[in-house]
Amino acid sequence: MESLIEKIKSGYLWDFPGGVHPPERKELSNYQTISHLALPEKLYVTVKQHIGQAAHLLVKVGDKVKAGQALSQVQGPMELPVHAPSSGEVVEIKSHPIAHASGLETETIVIQTDGLDNWIDKQPVANYLELSKVEIVDKLKAAGIAGLGGAAFPTYVKHNNSQPVDVLIINGVECEPYITADDRLMQEYAAEIICGIEIFTHLLKPKMVVIAIENNKPAAIAAMEQACEGKTQFIVRAIPTKYPAGGEKQLIQVITGKEVPSGGIPSDIGVVTQNVGTAYAAYKAIVHGEPLIERVVTVTGEQVSQPGNYWIKLGTPVEFILAQTGYQAAKPEHLIMGGPMMGFNIPNKQVPVSKITNCILAPSNQELPLPEDEQNCIRCGYCVDACPANLLPQQLYWHTKAKEHDKAQEYKLADCIECGACAYVCPSEIPLVQYYRIAKAEIKAERIEHEKAEKAKERFNARNERLEKEKQARLDKHKQAAEARKAAMEKDQGAKDKVAEALARVQAKKQQAASGDNSKADNSKSDTKSAAQAAIERAKARKAAQEAEKAQATNAEQTASAEQAEAPPAAENDAKAKAKAAIERAKARKAAKAAEKAQTADTEQTASAEQSEAAIPAENDAKAKAKAAIERAKARKAAQAAEKAQATDTEQTASAEQAEAVPAAENDAKAKAKAAIERAKARKAAQAAEKLAQESTEQTETSSQPANEQSDKDARIKAAIAKAKAKRKQLGEDQ
Amino acid sequence: MSILIYALIAIGVLAVIFGALLGYAQIRFKVESDPLVEQIDEVLPQTQCGQCGYPGCRPYAEAIANGDDINKCPPGGDATIKKLADMMGVEVKPLVGSEDNTQQEPIKKVAYIREDECIGCTKCIQACPVDAIVGAAKHMHTVIIDECTGCDLCVEPCPVDCIDMLPIETKPETWRWQMNSIPVKNL
């Protein structure tokens with residue numbers, strides 16, 4: 001290890017395989033000093049701007065916030081807070097497009113700025129060397145510092161690692177075309193960056209620090225060398241310009257000659273890398289007590305008249321930035337966030353700047369023409385030569401295109417850094433990286449799905465086990481109870497006697513009933529005769545049923561006619577039975593209708609209940625409720641009766657038989673009375689249903705009256721019950 | 001003659017030795033259950049929805065191992081059928097009930113309870129095969145979205161029809177890339 005550090009110190013540089021030399025086009029933006037833009041009226045602060053999980057919100061709509069105030073709080077691992085970029089008021093918390101290739105919307109805090117830019121009370125630390133490592137890491141976490149190179153990896157996580165660090169590499173390479181944000185930052189804020197790096201060295205205690213800068217930035221190299229003067233531990237190293245030398249793994253390879261193992265992280269080989277922008281943000285957070293609320297963004301491309309680097313508050317919409325820098329839309333409009341190699345198209349100009357945004361690129365169509373049609377792979381092998389990760393892009397292409405994910409994984413798809421070098425050199429214009437990204441996303445989705453399936457299986461098995469156990473427990477309990485009963489019985493002879501008595505009673509009752517039947521049979525002279533009569537009766541009942549069906553169309557008169565039919569004193573038994581059957585059927589039908597009506601009334605009522613929020617006066621409501629309840633109960637009963645009546649035709653006939661068999665005038669009168677009562681009930685039910693329907697409309701009309709929570713709840717419960725019943729009825733009908 | 005006897009004895013002794021060895025091996029290296037069933041079960045999506053006509057994924061896996069059709073799993077879709085076809089060495093068949101129209105990737109859904117309409121009847125809790133619904137009698141129920149397999153089994157028993165099957169929202173983390181690249185050209 002010592003020899004390695006000696007070798008690095010001696011100025012030796014390694015190389016990584018592959019790489020490309022795309023046109024740099026940095027001169028567009030690297031001559032102007034970093035300036036500030038006006039404050040936008042509204043800032044859209046995305047709650048999650050880093051790799052990991054979103055932190056928990058601390059503010060609500062209407063809160064006044066000051067610049068630097070935390071808007072969210074860390075409660076778990078891999079979380080980072082966001083802060084108010086300026087003072088103002090939280091006017092909305094909603095879904096808003098985010099700085100992501102998908103253009104999807106996530107939770108965003110909208111702050112209406114007041115233009116004052118009042119800061120919270122900053123808590124600067126004069127001498128951070130007095131603070132413990134944990135305190136500094138906590139401060140970095142609370143300040144929301146994330147890697148500003150483009151991935152926004154939470155910085156505090158890198159410093160929580162307990163593995164010893166040999167080399168700290170400060171990444172000022174900025175290899176992607178167009179982008180000059182780090183270049184300008186190093187030229188103008190070299191001393192501050194060095195101070196930030198010293199905070200990192202205080203935390204990590206590395207054996208040496210290498211500040212790596214591509215040799216196409218002589219001004220930045222000079223500035224950093226000047227700032228490092230007298231610090232023997234710090235080495236500023238100019239590295240050859242080659243894309244993607246700024247990739248973490250490639251840079252480590254260039255500086256130390258070591259490769260980060262597949263699936264591993266740099267600290268596995270004793271290396272930590274930090275971006276220069278991150279070092280500056282850490283300096284601001286610790287020494288000035290200012291959380292990460294703004295960053296340098298390169299605004300460039302031929303479509304903006306004032307390209308350059310700007311301090312931009314996180315949450316500033318891209319549209320506002322472009323308006324400030326003299327943007328003229330190309331046709332078709334083409335905007336890129338990040339560089340042309342690894343950036344993504346901005347689908348919506350309302351997208352705000354986030355911690356990952358290092359560049360907004362507005363190229364003309366001559367600069368970056370839209371992609372041409374993809375041709376077939378000709379197996380030229382250029383992509384293999386260009387790949388900085390030593391992969392076989394053409395093989396990956398075949399397998400990802402064919403969706404053979406397992407084979408793509410065999411070719412180490414996961415080690416692809418998505419730098420785009422292969423797509424850049426491809427003569428067939430195949431968007432190789434897009435294929436890899438799709439495949440990676442699909443593999444990830446598959447993995448998540450598989451994990452979920454495993455969990456579901458586990459839960460399913462656990463549930464089955466539980467059900468089995470419960471069943472066993474129930475059986476055991478029953479067994480025990482039965483045994484206990486048996487034991488008790490054996491002990492107590494009295495109980496046995498009681499059972500015997502009860503049995504005897506039942507027997508006696510049965511005998512009595514049998515004798516009653518016999519007497520009936522006697523009344524109808526003989527069994528055969530009664531059987532014949534029963535048959536006739538049944539036929540008549542059926543006829544009556546047909547009549548009743550006919551009468552269904554005119555159901556109002558039908559009741560009347562049924563009454564009439566019954567009104568003349570029945571001289572003959574069969575006539576009576578017929579009438580009764582008809583009435584019963586009519587009743588059943590009416591009841592069914594009433595039930596239907598009740599159903600519609602209920603739906604109306606649900607609507608009215610929701611609308612009015614029980615704006616009904618309490619008395620009225622109570623009345624309506626009571627009525628509705630009664631009505632519904634009746635309707636249900638009636639519906640059941642109707643079913644029964646229809647289903648058990650024979651039973652009915654039997655009852656008709658019975659009615660006939662009993663010649664007593666009292667019985668006749670009783671039956672009539674009963675029928676009358678039932679009729680009355682059915683009518684009442686129908687009326688109630690009507691009334692309810694009326695009332696519900698009235699309720700809707702009177703919805704302007706004051707609300708009553710209790711009745712609202714009741715109404716909802718009622719609505720739910722009614723719905724349940726309606727559904728049950730419907731199911732019954734379906735069957 | 002004696003040679004014949006020796007030969008018979010030798011063969012007999014060998015037979016006894018090997019018999020004992022095989023018998024021991026059978027006990028010592030006993031396979032608990034058909035490993036094929038395990039493998040098939042691994043491929044199935046574990047929604048436990050019963051749409052295949054079997055009470056859960058494992059019973060269907062057993063049925064496939066015993067020669068049932070591989071195209072009865074709607075939640076798994078084409079991908080699952082393809083994997084099963086590979087595993088079983090049979091032809092890929094279109095999903096049952098979709099022979100005519102073109103096969104589409106099944107949309108993943110999960111159940112949501114409209115909570116203010118829930119009457120707390122616990123029927124959906126009893127129906128859920130993975131215990132992903134929490135609640136108690138006469139209290140509101142809700143679905144643990146992360147555990148829901150989207151099997152649909154809770155929708156039917158609900159007496160007030162307050163359960164919706166909604167497609168899972170795409171988040172930036174679960175978004176799948178689309179083909180749109182940024183070209184870089186020498187001017």
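Residues numbered from 1 in each chain as written. Chains lettered and ligands numbered in written order. Predicted model: local features only at pLDDT ≥ 70, side-chain atom pairs only at ≥ 80, totals over all residues.

**Thoughts on the overall build of chain A**
Heads up, the condition is: Here a helix means four or more residues in a row that DSSP labels H or I, a strand means two or more in a row labelled E, and each is numbered from the N terminus. We call two residues in contact whenever the C-beta atoms placed from their backbones are within 7 Å.
Scanning chain A from terminus to terminus reveals 22 helices and 18 strands. Of all intrachain contacts in chain A linking residues separated by at least 6 positions in sequence, the fraction that spans at least 24 positions is 76%.

**Concerning the sheet that holds strand β8 (residues 88–97) of chain A**
Residue and element names in this part refer to chain A. Definition in use: The criterion for strand pairing is that DSSP finds at least two bridges linking the strands in question.
Sheet architecture is open: four strands sit in the order β2-β9-β8-β5, paired in antiparallel fashion. What marks the edges here is a single partner per strand, and that holds for β2 (42–46) and β5 (64–65). The sheet contact formed by β5 and β8 spans two bridges and is antiparallel. By the bridge assignment, Lys64 is partnered in β8 with Glu89.

**Considerations on the pairing of strand β15 (residues 308–313) of chain A**
Residue and element names in this part refer to chain A. In plain terms, the rule: Backbone-placed C-beta atoms define the burial measure: a residue is buried with 20 or more other C-beta atoms within 10 Å of its own, exposed with 12 or fewer, and partly exposed in between.
Along β15, five of the six residues are buried, which leaves the element largely enclosed by surrounding structure. Direction of pairing for strand β1 (residues 35–36) relative to β15: parallel, over a ladder of two bridges. By the bridge assignment for β15, Ser35 is matched with Tyr310. The sheet contact formed by strand β14 (residues 294–300) and β15 spans six bridges and is antiparallel. By the bridge assignment, Val299 is partnered in β15 with Gly308.

**Here we look at the nonpolar core**
Generally speaking, nonpolar side chains in soluble globular proteins are found buried as a group. Cut-off, in case you're wondering: Among buried residues, those of type Ala, Val, Leu, Ile, Met, Phe, Trp, Tyr and Cys that are joined through C-beta atoms within 7 Å form a set called a nonpolar core.
In terms of nonpolar packing, the biggest core is built from 131 residues, with A:Ile169, A:Ala212, A:Met224, A:Ala282 and A:Leu432 touching the most fellow members. Each residue touching A:Ala212, except ones within four places of it in the same chain, is listed here: A:Ile169, A:Ile170, A:Asn171, A:Gly172, A:Val173, A:Arg237, A:Ile239, A:Leu251 and A:Ile255. Ranked by size, the runner-up nonpolar core spans 25 residues in total, among them A:Ala456, A:Ala722, B:Ala111 and B:Cys124.

**With respect to the packing of helix α11 (residues 393–401) of chain A against helix α14 (residues 432–491) of chain A**
Residue and element names in this part refer to chain A. What counts, and what does not: Interaxial angle, 0 to 180 degrees, is taken between N-to-C directions of lines fitted to C-alpha atoms, where a helix line uses only the stretch in contact. Should an angle fall under 35 degrees it is taken as roughly parallel, and over 145 as roughly antiparallel, whereas 65 to 115 is taken as roughly perpendicular and any remaining angle as oblique. Crossings are sorted by hand: turned counterclockwise from the far helix by less than a right angle, the near helix makes the crossing left-handed, and turned clockwise it makes it right-handed.
Following both chains from N to C, one finds α11 and α14 inclined at 50 degrees, their axes separated by 9 Å at the closest point. The angle between α11 and α14 falls in the class oblique. Read as a crossing pair, α11 and α14 show a hand that is left-handed. Contacts between α11 and α14 pair Pro393, Leu396, Tyr397, Thr400 and Lys401 from the former with Leu432, Tyr435, Tyr436, Ile438 and Ala439 from the latter.

**Focus: the sheet that holds strand β13 (residues 271–275) of chain A**
Residue and element names in this part refer to chain A. Strand order in the open sheet formed by four strands is β12-β11-β10-β13, with parallel pairing between adjacent strands. Edge strands, defined here as strands with exactly one partner in the open sheet, are β12 (234–239) and β13. Adjacent strand axes in the sheet meet at a mean angle of 25 degrees, parallel and antiparallel pairs treated alike. Docked against the sheet, helix α7 (residues 248–256) engages β10 (167–172), β11 (208–214), β12 and β13, running at close to 120 degrees with respect to β10.

**Structural notes on the pairing of β12(A)**
Across six bridges, β11(A) lies against β12(A) in parallel orientation. Looking at the pairing, A:Glu214 lines up with A:Ile239 of β12(A).

**Observations concerning the environment of B:Asp69**
Note on placement: B:Asp69 falls in the loop between α3 (57–65) and α4 (77–88). Put simply, B:Asp69 and B:Ile81 are 12 residues apart on the chain and 9.8 Å apart in space, counted from C-alpha to C-alpha.

**Remarks on the packing of helix α4 (residues 181–188) of chain A against helix α6 (residues 218–227) of chain A**
All names here are of chain A. As a reminder, the rule being used: Gly is placed with the polar residues, together with every amino acid not listed as nonpolar (Ala, Val, Leu, Ile, Met, Phe, Trp, Tyr, Cys and Pro) or charged (Asp, Glu, Lys and Arg).
It is the contact of α4 with α6, at a shortest axis distance of 8 Å, that shows an interaxial angle of 35 degrees. By crossing handedness, the relation of α4 to α6 is classed as left-handed. Residues Asp183, Met186 and Gln187 of α4 form the contact with α6, whose participating residues are Ala219, Ala220, Ala223 and Met224. Per-class residue counts for the contact of α4 with α6 are five nonpolar, one polar and one charged.

**Section: the environment of A:Val47**
Residues and elements named next belong to chain A. Mapped onto the fold, Val47 is located in the loop between β2 and β3 (53–54). Taking the C-alpha atoms as reference points, Val47 and Thr108, separated by 61 residues in sequence, lie 5.6 Å from one another. Other than its neighbours up to four places away in sequence, Val47 contacts Ala54, Leu57, Ser72, Val82, Glu107, Thr108 and Ile109.

**Some details on the confidence of the model for chain B**
Note the cut-off: As a per-residue measure, pLDDT reflects the predictor's confidence and takes values from 0 up to 100.
Here chain B shows a mean pLDDT of 86. Residues at 70 or above account for 89%. Scored as a whole, the predicted complex attains pTM 0.69, and scored at its interfaces, ipTM 0.78.

**Concerning the environment of B:Glu42**
Within the secondary structure, B:Glu42 sits in helix α2 (residues 35–43). Each C-alpha atom of the pair B:Glu42 and B:Ala61 lies 8.9 Å from the other, and the pair is 19 residues apart in sequence.

**Details of unusual backbone geometry**
All names here are of chain A. Cis geometry is found at the peptide bond from Tyr243 to Pro244, where omega equals 0 degrees. Within the fold, Pro244 resides in the loop between β12 and α7. At the junction of Lys331 and Pro332, the peptide bond is cis and its omega measures out at -5 degrees in the coordinates. Considering the arrangement of structural elements, one finds Pro332 in the loop between α9 (318–324) and β16 (336–337). Positive phi outside glycine occurs at Met78, with the angle close to 60 degrees. The residue Met78 is located in the loop between β6 (72–73) and β7 (79–80) in this model. Its identity is not glycine, yet Arg379 carries a phi of approximately 60 degrees, on the positive side. When you line up the elements, Arg379 lands in the loop between β18 (359–361) and α10 (382–386).

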